[in-house]
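Spelled out, the chains give:
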Amino acid sequence: MYTYVIIDDERLIRLGLVSKIKEIRAEEFICIGEAANGADGLSVIGEKNPDIVITDMKMAKMDGVEFLQRLSESYPGLPVIVISGYKAFNYMSQAIEKGVVGYVLKPFSPEELEKQLLKAVTKLEQQKNIARMKEKMTSLERQTEGNEFLRLIVKPWNPEKEENEKFLWDRWHILISIYTNKPEALNILRECANRYFSQIYPVCLENPGGNGQFFVLCTGDKEEISRAYEQIPGFLEGIKRKTWEHKCFVSVGKVFQGLAQLNYCYQKNEKILRDIFITDKFRVFYEEDYIHKARNIVTDNELQNIMVDLKYNNKNQNSILRSFFQRFCIQRDTLLDIGNACKKLLTRVDDWAVQNHVETDDIMAVFYIRYRYLESLEKMEKEISGYINLILLSIQRKSYGDDYLYEQMVKYIQENYYRKVTLQTLASQFYVSAAQCSSLLKERMKKGLNTYLSEIRIAKAKELLDDTTMSVEQISKEIGYPNPKYFFRMFKQMTTLTPIEYRNRRK
């Protein structure tokens, strides 16, 4: 459907045009406005925003020539069809000069109107295609430009690679690094950047592998960048308002010249953004004002004692690691201080693993990315303790073989029989595959996990039936069978008696 307005000083002509256009079947055209002269016509066009304009050339107040001139200035590209009588044929050349797409002589026929309207439709579609193409090209250019800037930010400057690139060496820059777990954060940054840095072209980027890592790069001459720097507090306040329910941490780098300094500025921002408290919601650092006050949470002598305990006190490894993490206070210790303490311990654990020919993993490489948005230390403690336990278990298996793993698995099952214990549970607990767990248990026990687990539970049920007055339902839940009917069936299957018969047998 296409819309149009009619501008003609004769009302009957306007009515006739609308009537004849309704007869056209090739496309649907809807009249959304009329005017009796050019001046009123411009007002109607501004208000209605039609796809096509149909106008007479001879009108009072403003004739067609002046109207077309004003129209082309205010609405370039808007398709216009001119209608006029034979006596006004001398207007034809002037109308063509103004870029009209069609010219219809009075009296007009539906066929001629249709022909000229379809010419206007063709022009409209061409304009739309061109606009779509430009939009795609602009998007592609911005994407390409964004990828290029992202590469320059996160990777060290390579003089050999960059020397032939077209970079503006005389431009000045500000790099603002942002971490936030706010959804749609990139759109928020673009909105705020375009508002507060409108005098320059701010580039807003997201690092796909950065876990909520974003950049705003401002570029301009020295004066423009100075003005932009003054606008940063307003920009940050805008971000704070729009991310208030999520965490957001910002580091504003110093003003620098030449993109060769971009990665250096990024590295500085990264180090600064580690110096946050886990209790923080919104935190801003300015590199020029930043001073780190390091806190040594654990000394070398304390680390030495922890390692001795981990090496020679196998039964209490979990409590040793729990005590290590209890040293941290999220209100007092920054993520950077906690990370430094963890790194010291992990370095010693990894060194011991290498001495025993056990493979290690550099989990500190993702420490700050992984734990930046924590609300507590629970996840960190679980994962880092899990890694250390894996290393210790691997070292012990190197020394004792599968005997040690089997003993630990049996111990775990016996201590946790009342919980939901599966092969996957064991695999996660001891950092081996479920298939390895199954194979080892069957090899040593000559039975599967479920059978062994049922034997332990039924044995415990016998004790409770003999030594307590607990009901069958209570015993069922106590030993890990939430469904009493299932417990009843399993008990009879393994003892040939029901739980009640077993309890009464002694009476």
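One can find the structure itself at the top, above this paragraph.
Residues numbered from 1 in each chain as written. Predicted model: local features only at pLDDT ≥ 70, side-chain atom pairs only at ≥ 80, totals over all residues. Heavy atoms only, no water.

1. Here we look at the nonpolar core
Working step 1: Formed by 44 residues in total, the largest nonpolar core has its most connected members in Cys342, Phe367, Met380 and Ile388.
Working step 2: Residue assignment for this core shows that the elements contributing at least two residues are helix H11 (300-312), helix H12 (317-325), helix H13 (335-355), helix H14 (367-371) and helix H15 (378-400).
Working step 3: When residues in this core are grouped by element, the largest group, 10 residues, is from H13.
Working step 4: Sequence-distant contacts of Ile388, defined by excluding residues within four places in its chain, comprise Leu310, Leu321, Leu345, Leu346 and Val349.
Working step 5: Ile413, Ile458, Met490 and Phe491 belong to the second largest nonpolar core, which has 34 residues in total. (Core = buried A, V, L, I, M, F, W, Y, C linked by side-chain atoms within 4.5 Å. Buried < 20%, exposed > 50% of the residue type's maximum accessible area, 1.4 Å probe, protein only. Helix = DSSP H or I, 4+ residues; strand = E, 2+ residues; numbered from the N terminus. Contact = heavy atoms within 4.5 Å.)

2. Brief notes about the pattern of salt bridges
Working step 1: One pass over the full model with this rule turns up 17 salt bridges.
Working step 2: For the salt bridge of Arg14 with Glu34, the shortest nitrogen-to-oxygen distance reads 2.9 Å. Within this pair, whereas Arg14 is found in helix H1 (residues 11-22), its partner Glu34 is found in strand E2 (residues 29-35), the two being separated by 20 residues in sequence.
Working step 3: Asp403 is the salt-bridge partner of Arg444, the closest N and O atoms lying 2.9 Å from each other. Within this pair, whereas Arg444 is found in helix H18 (residues 434-445), its partner Asp403 is found in helix H16 (residues 402-415), the two being separated by 41 residues in sequence.
Working step 4: Since its relative accessible area comes to 32%, Arg444 is described here as partly exposed.
Working step 5: The class for Asp403 is partly exposed, based on a relative accessible area of 40%.
Working step 6: Each of Arg295, Arg332 and Asp333 takes part in a single network of salt bridges with overlapping partners. (Salt bridge = Lys/Arg side-chain N within 4 Å of Asp/Glu carboxyl O.)

3. Notes on the pairing of strand E1 (residues 2-7)
Working step 1: With 6 of its 6 residues buried, E1 lies for the most part within the structure.
Working step 2: Residues Tyr2, Tyr4 and Ile6 line one face of E1 and the alternating positions Thr3, Val5 and Ile7 line the opposite face, and both faces are buried.
Working step 3: Sheet topology note: the E1/E2 ladder contains 6 bridges and is parallel. Across the sheet, Thr3 pairs through a bridge with Ile30, a residue of E2.
Working step 4: With 4 bridges connecting them, E1 and strand E3 (residues 52-56) associate as parallel partners. Along E3, the bridge assignment pairs Ile7 with Thr55. (Pairing = 2+ DSSP bridges.)

4. Regarding helix H3 (residues 64-74)
Working step 1: Burial in H3 covers these residues: Gly64, Val65, Phe67, Leu68 and Leu71. Across the axial projection of H3, the buried residues extend over an arc of 160°, all falling on one side. (Arc of directions from axis to C-beta.)

5. Overview of the environment of Gly38
Working step 1: Looking at the element boundaries, Gly38 is found in helix H2 (residues 38-48).
Working step 2: Excluding its chain neighbours within four sequence positions, the residues that come into contact with Gly38 are Ile7, Met59, Met62 and Phe67.

6. Side note on the sheet that holds E3
Working step 1: The 5 strands are arranged E2-E1-E3-E4-E5 in an open sheet whose pairing can be described as parallel. The open sheet has two edge strands, E2 and strand E5 (102-105), and neither has a second partner. Pairs of neighbouring strands in the sheet enclose a mean axial angle of 20°, with direction left out of account.
Working step 2: On the sheet, H3 packs against E1, E3 and strand E4 (80-84) and is oriented at approximately 160° with respect to E3. (Axes fitted to C-alpha atoms, helices over the stretch in contact; angles between N-to-C directions.)

7. Some remarks on unusual backbone geometry
Working step 1: Unusually for a residue other than glycine, Asn49 sits at a positive phi of about 55°.
Working step 2: In this fold, Asn49 is placed in the loop between H2 and E3.
Working step 3: Even without a glycine there, the phi angle at Lys446 is positive, about 65°.
Working step 4: Structurally, Lys446 is set in the loop between H18 and helix H19 (449-467).

8. Quick notes on the packing of H19 against helix H21 (residues 484-495)
Working step 1: Packing of H19 against H21 leaves a shortest axis separation of 10 Å and a crossing angle of 95°. Classified by the angle between their axes, H19 and H21 sit roughly perpendicular to one another. Between H19, through Ser454, Glu455, Ile458, Ala461, Lys462 and Leu465, and H21, the contact on the second element is made entirely by Phe487, Met490, Phe491, Met494 and Thr495.
Working step 2: Taken together, the residues of the contact of H19 with H21 break down into 7 nonpolar, 2 polar and 2 charged. (Parallel < 35°, antiparallel > 145°, perpendicular 65-115°, else oblique. Nonpolar A, V, L, I, M, F, W, Y, C, P; charged D, E, K, R; others polar.)

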